[in-house]
Amino acid sequence: MTEEEKLNHFNSLIERDEKIEPKDWMPEAYRKTVLRQMTQHAHSEVIGMQPEGNWVLRAPTLRAKKILLAKIQDEGGHGLYLYSAAETLGMDRSEMIEQLHEGKAKYSHIFNYPTLNWADIGAIGWLVDGAAIVNQVSLQRTSYGPYARAMVRICKEESFHQRQGYEIMATMMNGTTAQKDMAQDAMNRWWWPSLMMFGPSDKDSWHTQESMHWKIKRASNDDLRQKFIDKTVDQAYVIGLTVPDKDLKFNETTKHWEIGDINWDEFWNVVKGNGLCNHKRISHHIQYHNEGKWVRQAVMSYSEKMNAIQTAASI
Amino acid sequence: MTTKIELYNFVLRLADDNLILAQRLAEWCSCGPILEEDLAMTNISLDLLGQAEDFYEYASELNGEKSEDELAFLRSEREYYNHLLVEQPNGDFACTMLRQMLYSTYAKFLYEALLNSRDEKLVALATKGLKEVKYHFRHSSEWIIRFGKGTKESNERTKNALVELWRFTSDLFEMNETDKVLITSGISFSLRDIYPLWKAEISNVLEEAGLEIPNSENNIIGGINGIHTEYLGHLLSEMQFLQRAYPGAKW
Amino acid sequence: MENNNDQLPLWEVFIQKGGSPFKHEGSIHASDKNMALQNARDIYTRRGEGRLIWVVPSDSIAATTVEEEAEFFDPADDKIYRHPTFYKMPEGAKNI
Ligand SMILES: [Fe+2]
Ligand SMILES: [Fe+2]
Ligand SMILES: [Fe+2]
């Protein structure tokens, strides 16, 4: 096949909504974009274990501890599925981790915020996972096969994450004054950052257009954000939480909630490294990666020795 | 029945062992040597938490006043009956896996013996727990073998862990008034019966790993009588934080 | 990168549930067979999804390439006699 035929074949697969598979020919820019998005997504899942992990030892009941631990474990699993999906494009996990440590690969800015009270665990499940789910549901239809399949599995597992978070918020809003204050405080701190998770408005982003054209992205940042806002505002009211946005209003014509201006300076400031936890998140990851090195070396050495014995025995 | 208080204490002992070890393992969350093992350790922790919950539920039933969460979160250090081994700090990954192997082997024989208990509820809980601890034994013993035969460093680390932890192993087989009463009534059994089984199993694993049981005269005891190393208090103050800081709040 | 094996070798995971054929679920990293099986269990069967697990070192899998796609699969396209709908059944025949 000539280069042109290959490109035509690729484009026709995309057009027919068929999946691109690892060994298929693909434009270099497509490979790069998918790989970047998958590794970034994988790193987000893994780094996201830390803010929630911050409360796992302090969970207030046996039930809460079990749920939180299982939830964080799921996130680790999501990271793993996504690393695997990314590995199909020929980069191995060691390299992805190296990129993370060197700051060449990013993760979601949201995990650079601290978890300061137990309600933050509720807010993360309800708002952060809630926002992530909206995005992930749409990504189940992404054009790269392994990515789409990982998303299907992840979405199935995500279904309890948001509910457990909302349950925590609801319970606290039903509790003592101190608990209500904690819940509202968490709401105030997590609401806007959750909205930022969808990324800046993509009205004029060339990046988005290309991604949409290749069906890597299936919906625009603004559309996804609106979807999230519409379902979440009502949930907040149901349990008596105030949405920290004085400009919030319901548009009777469009049937959508309209929000005030998002403070993108805050977003970029956190992305640039000035969140309360940027440094901690990465240094934690580096520390335990390094501490695990002897373990990985030991088991490789063990397996080489065992293979040698087996080979010798079979001669 | 006159054995009720003893049974309650015994069930608490089982519950506490599971909870404290689960809490220790949960400390590894996001700190594992490789992502796969992070999830594996969480699975073990979740198994143990589940068992702890079951035992606390039973204890709460026997107690008649306190809920399982009150039992788990609102007792003081001296009222916890877990063994000293499970409260020991994680140390490095070799130390954690060794602690797991020593404990899982113990739990395996303990639950097997409890299958013959005259207390039906204990039989049911032991049956459920047994499947899980067998898997934990498999998982942890394989790691010990890999380490024993892996690199010089992994071998050394495992040896050090053995020295560190071995001194707390006789505590696992200590018995008190509770055991005496329960043995007589056919609810429990003498832990001396399972000691040789435990030791043989541990020796097997260590032999396959090219390691040896350390020569240690030390045996530090106290857990089942509520006498602990200093580590437990810190573990509890973290674990109990919310329950202590907001008395009466529902979570 | 100093060591390709720093994350341990890659394995493909296949799981069987119910009476269905083994299905490819994803991959994991592990240094030996036992570890691979346990990792597969811990990662892919946390919600009771499995009965039996196979793990295969990823580099032991032989795969067709896109270049071979036409050669391998097009010949099956015109063998419609392999499909039941190819056959004409007499009017009124049922349950066949
Ligand atoms: Fe997530
Ligand atoms: Fe996730
Ligand atoms: Fe999630």
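Above: the structure in question.
Residues numbered from 1 in each chain as written. Chains lettered and ligands numbered in written order. Predicted model: local features only at pLDDT ≥ 70, side-chain atom pairs only at ≥ 80, totals over all residues. Heavy atoms only, no water.

Trainee: Would you mind going over the overall build of chain B with me for this structure?
Mentor: A count of helical and extended segments in chain B gives 11 helices and 0 strands. Secondary structure of chain B in N-to-C order comes out as α-α-α-α-α-α-α-α-α-α-α. For 251 residues, the compact-globule formula gives about 18 Å, and the C-alpha radius of gyration of chain B, at 18 Å, lands near that figure. Once the C-alpha set of chain B is aligned to its principal axes, its extents read approximately 55 × 45 × 30 Å. When each of the 251 residues of chain B is scored for burial, the buried share is 63%. When the accessible surface of chain B is summed, it comes to about 9,900 Å², and 48% of that surface belongs to carbon and sulfur atoms. Across chain B, 25 positive and 40 negative side-chain charges occur, with their mean positions spaced 2 Å apart. (Helix = DSSP H or I, 4+ residues; strand = E, 2+ residues; numbered from the N terminus. Rg over C-alpha atoms; globule rule 2.2 N^0.38 Å. Buried < 20%, exposed > 50% of the residue type's maximum accessible area, 1.4 Å probe, protein only. Areas by Shrake-Rupley, 256 points an atom, 1.4 Å probe, with all protein chains shown as cover. Lys, Arg positive; Asp, Glu negative; His and termini not counted. Charge placed at Lys NZ, Arg CZ, Asp CG, Glu CD.)

Trainee: Mind showing me how you'd approach unusual backbone geometry here?
Mentor: Peptide bonds are mostly trans, and most non-glycine residues show a negative phi. For Lys255(A), which is not glycine, the phi torsion reads 65° and is therefore positive. Tracing the backbone shows Lys255(A) in the loop between strand S1 (249-251) and strand S2 (256-258). A relative accessible area of 52% places Lys255(A) in the exposed class. At Ser30(B), a residue that is not glycine, the phi angle is positive and equals roughly 75°.

Trainee: Would you explain the interface of chain A and chain B in this entry?
Mentor: Much of the literature gives interface size as the accessible area that the parts lose upon coming together. The interface is formed by 44 residues belonging to chain A together with 47 residues belonging to chain B. Surface buried jointly by chain A and chain B totals about 4,000 Å² across both partners, of which 73% is contributed by carbon and sulfur atoms. Of all residues in chain A, Leu57(A), Leu62(A) and Trp294(A) bury the most surface against chain B, accounting for 21% of the area lost on that side. Our count for the chain A to chain B interface comes out at 2 salt bridges. (Contact = heavy atoms within 4.5 Å. Buried area = accessible area lost by both parts, 1.4 Å probe. Salt bridge = Lys/Arg side-chain N within 4 Å of Asp/Glu carboxyl O.)

Trainee: Please explain the side chain of Gln136(A) as it appears in this structure.
Mentor: All names here are of chain A. On the secondary structure map, glutamine 136 appears in helix H6 (residues 118-139). Among the polar contacts made by the side chain of glutamine 136, one reaches the side chain of histidine 41 at a distance of 2.8 Å. With sequence-adjacent residues up to four places away left out, glutamine 136 is seen in contact with His41, Glu45, Met151, Ile154, Cys155 and Glu158. (Polar contact = N/O pair within 3.5 Å; in protein donor to acceptor, adjacent residues only side chain to side chain.)

Trainee: Help me out: how do you make sense of the sheet that holds strand S1 (residues 10-16) of chain C in this one?
Mentor: The strands making up a sheet associate through hydrogen bonds between their backbones, and the pairing can be parallel or antiparallel. Residues and elements named next belong to chain C. Spatially, the 3 strands line up as an open sheet ordered S2-S1-S3, and their pairing is antiparallel. Across the chains shown, the open sheet's two edge strands, defined by having one partner strand only, are strand S2 (23-29) and strand S3 (52-57). Strand-to-strand twist of the sheet, defined as the mean angle between neighbouring strand axes without regard to direction, takes the value 30°. Sheet topology places S1 next to S3; 6 bridges connect them, and they run antiparallel. The residue of S3 that forms the bridge with valine 13 is valine 55. (Pairing = 2+ DSSP bridges. Axes fitted to C-alpha atoms, helices over the stretch in contact; angles between N-to-C directions.)

Trainee: So what exactly am I meant to see when it comes to the interface of chain B and chain C here?
Mentor: Counting residues at the interface gives 11 residues for chain B and 14 residues for chain C. A buried area of about 1,200 Å², summed over both sides, lies between chain B and chain C, and 50% of it is on carbon and sulfur atoms. Applying the counting rule to chain B against chain C returns 1 salt bridge. With a closest N to O distance of 2.7 Å, Asp32(C) and Arg146(B) form a salt bridge. Across the chain B-chain C interface, the total number found is 6 residue pairs in polar contact (both at pLDDT 80 or more). It is helix H6 (residues 120-149) of chain B that provides the largest number of residues to the side of chain B that touches chain C, a total of 6 residues.

Trainee: When you look at the environment of Lys152(B) in this model, what are you seeing that I'm missing?
Mentor: Considering the arrangement of structural elements, one finds Lys152(B) in helix H7 (residues 152-166). Judged by relative accessible area, which is 68%, Lys152(B) ranks as exposed.

Trainee: Honestly, the side chain of His161(A) in this entry has me stumped. Any pointers?
Mentor: Within the element layout of this structure, His161(A) appears in helix H7 (residues 145-173). For His161(A), the contacting residues outside a window of four places in its chain are Lys71(A), Asp74(A), Glu75(A), His78(A), Gly125(A) and Asp129(A).

Trainee: What should I look at first to understand the packing of helix H2 (residues 35-63) of chain B against helix H1 (residues 33-44) of chain C in this one?
Mentor: Between two packed helices, the angle of one axis relative to the other and the distance separating the axes together describe the packing. Put simply, H2(B) and H1(C) touch, their axes get as near as 9 Å, and they point 70° apart. Judged by the inter-axis angle, H2(B) sits roughly perpendicular to H1(C). Here H2(B) and H1(C) pass one another in a crossing that is left-handed. Residues Glu36(B), Leu39(B), Ala40(B) and Asn43(B) of H2(B) form the contact with H1(C), whose participating residues are Asn39(C), Arg41(C), Asp42(C) and Ile43(C). Looking at side-chain class alone, the contact of H2(B) with H1(C) contains 3 nonpolar, 2 polar and 3 charged residues. (Parallel < 35°, antiparallel > 145°, perpendicular 65-115°, else oblique. Left-handed = near helix turned anticlockwise from the far one by under 90°. Nonpolar A, V, L, I, M, F, W, Y, C, P; charged D, E, K, R; others polar.)

Trainee: How should the pattern of salt bridges be read in this particular structure?
Mentor: Once the charged atoms of two side chains with opposite charge are near each other, the side chains can pair. In total, this model carries 38 salt bridges over all chains according to the counting rule given. Put simply, Glu18(A) and Arg16(A) hold a salt bridge, and the shortest N to O gap is 3.0 Å. The salt bridge partner of Arg153(A) is Glu25(C), with a shortest N-O separation of 2.1 Å. Highlighted residues: Arg153(A) in helix H7 and Glu25(C) in strand S2, drawn from two different chains.

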